[in-house]
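Listed below are the residues making up each chain.
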Amino acid sequence: MSLADLKEDDALPQAAREPYRPWSYDLAATDLYIPRLKHGQQRWFAAVTRAGSNKQYARVLVLAENAKSKRWEMVATVDLDNPSQLPKIVRNKDGYATAVDPASTSLAAPVDLLRSAVTDNFATGGDLTGRKVLAPTEAAKRQVKVHNDTVHKFGTRGTTQFASAATQFPDSYALKTSTGALVVFSHNHTQHDAAASPGLVIVPDKQDRAWLGTTPRPAFTYTFTCSDVAAVPTAPEPSRLLGYGCRRTDAEASGPSTAV
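Residues numbered from 1 in each chain as written. Predicted model: local features only at pLDDT ≥ 70, side-chain atom pairs only at ≥ 80, totals over all residues. Heavy atoms only, no water.

## Observations concerning the sheet that holds strand S1 (residues 30–33)
Working step 1: Spatial ordering of the open sheet is given by S1-S2-S3-S4, a layout of four strands whose pairing is antiparallel. Sheet topology places S1 and strand S4 (72–80) at the edges, where each strand pairs with a single neighbour. Between one strand axis and the next, the sheet turns through 20° on average, direction left out of account. (Pairing = 2+ DSSP bridges. Helix = DSSP H or I, 4+ residues; strand = E, 2+ residues; numbered from the N terminus. Axes fitted to C-alpha atoms, helices over the stretch in contact; angles between N-to-C directions.)

As structure tokens, this is what we get:
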């Protein structure tokens, strides 16, 4: 459960709250990928953990050392839609993985281009860069579906527009694979809901009350923080978004305007 989930949950009546279920990982079903890093570089490593009766579910984890506290923190967790699509992560003869610069132009899609592509999936349904940069994987299709379903949710009574937002967590991590790199990164985007005409208002959903209260307003802007994982080739071909997860991390009333 994320901090955003806890905040939303605390704003609900006790009877409406989801019961908290402690989580754990099976170390016997977890593969560690530890890169050899140069002196002065941030220390981090990745893991792929599997669950389910046939280990059919997989999650990519990234843990990094906090430079100030010197404590290890889990900085990213992303569920894979299809574990069989995970590319082979290369290890050297000593068993170490190789860290790759996610911004390297040797990759078909450096991390900033990946962020632009996934944001475009939400903003336009992938019409600008999303479909050019990313192959039509299940994860990419789900992002496009969010756009297609949400922009029409009010019918003629309101509008919804998605837009990119400043990345709250700009750090990204990449490991060398047999075809390029596995890149874990974060992005932020906004969703602006607005009533289409004076006199109409939007009533906050129950999950929004932690941020907005219960007062109806003509417009709201929501901010989402997302984690993404992609298999990026070195060859000039589309990257494959393997999974992503988003949480609402802010929301505010935006006044009467229907513009973002």
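Additional details are given in the paragraphs that follow.
## Some details on helix H1 (residues 3–10)
Working step 1: Of the positions making up H1, those classed as buried are Ala4, Asp5, Glu8 and Asp9. Buried residues in H1, looked at end-on, bunch into an arc of 130°, giving them a common side. Turned more than 90 degrees off the buried face of H1, the exposed positions are Leu3 and Asp10.
Working step 2: Next to the buried residues of H1 lie helix H5 (209–212) and strand S9 (240–253). (Buried < 20%, exposed > 50% of the residue type's maximum accessible area, 1.4 Å probe, protein only. Arc of directions from axis to C-beta. Contact = heavy atoms within 4.5 Å.)

## Things to note about the state of the cysteines
Working step 1: Applying the stated criterion to the full structure yields one disulfide.
Working step 2: In this model cysteine 226 forms its disulfide with cysteine 246; the gap between the sulfur atoms is 2.1 Å. Looking along the S-S bond of the cysteine 226-cysteine 246 disulfide, the torsion reads about 110°, which is the right-handed sense. Taken as a pair, cysteine 226 in strand S8 (residues 219–233) and cysteine 246 in strand S9 lie far apart in primary sequence, 20 residues in all. (Disulfide = S-S within 2.5 Å.)

## Quick look at a nonpolar patch on the surface
Working step 1: Taken together, the side chains of Tyr20, Trp23 and Met74 define a hydrophobic patch exposed on the protein surface, amounting to about 370 Å² of accessible area.
Working step 2: By the element assignment, tyrosine 20 lies in the loop between H1 and S1.
Working step 3: The exposed category is assigned to tyrosine 20, whose relative accessible area is 51%. (Patch = residues over 30% accessible without salt bridge, like charges linked within 9 Å, V, L, I, M, F, W, Y side chains within 5 Å. Areas by Shrake-Rupley, 256 points an atom, 1.4 Å probe, with all protein chains shown as cover. Salt bridge = Lys/Arg side-chain N within 4 Å of Asp/Glu carboxyl O.)

## Things to note about the packing of aromatic side chains
Working step 1: Applying the stated criterion across every chain yields a total of five aromatic pairs.
Working step 2: Taking 5.5 Å as the distance between ring centres and 55° as the angle between the ring planes, the aromatic pair formed by phenylalanine 45 and tryptophan 72 counts as tilted. On the criterion of sequence distance, the pair formed by phenylalanine 45 in strand S2 (residues 44–51) and tryptophan 72 in strand S4 is long-range, its members being 27 residues apart.
Working step 3: For the ring pair phenylalanine 122 and tyrosine 244, a centre distance of 6.0 Å and an interplane angle of 80° mean the geometry is edge-to-face. (Phe/Tyr/Trp six-rings, centres within 6.5 Å; stacked < 30°, edge-to-face > 60°.)

## Topic: the pairing of S8
Working step 1: Within S8, 14 of the 15 residues are buried, which leaves it mostly tucked inside the rest of the structure.
Working step 2: Where strand S7 (residues 180–195) and S8 come together, 15 bridges link them in antiparallel fashion. For leucine 182, the partnering residue across the bridge sits in S8 and is alanine 231.
Working step 3: Of the strand pairs in this sheet, S8 and S9 are connected by twelve bridges, and their pairing is antiparallel. In the strand pairing of S9, tyrosine 222 is matched with alanine 251.
Working step 4: Linking two consecutive strands that pair antiparallel, namely S8 and S9, is a turn of six residues.

## Notes on the nonpolar core
Working step 1: Counting 21 residues, the largest nonpolar core has Trp44, Leu80, Leu175, Val184, Val229 and Leu242 as the members making the most contacts within it.
Working step 2: For this core, the secondary-structure elements that each account for two or more residues are S2, strand S3 (57–65), S4, strand S6 (173–176), S7 and S8.
Working step 3: With four residues, the top contributor of residues to this core is S3.
Working step 4: Sequence-distant contacts of leucine 175, defined by excluding residues within four places in its chain, comprise Tyr33, Pro35, Trp44, Ala46, Ile89, Ala97, Thr98, Ala99, Val100, Gly180, Ala181 and Leu182.
Working step 5: The next biggest cluster of nonpolar side chains, apart from the first, holds 20 residues, and it includes Val118, Ala181, Val183 and Tyr244. (Core = buried A, V, L, I, M, F, W, Y, C linked by side-chain atoms within 4.5 Å.)

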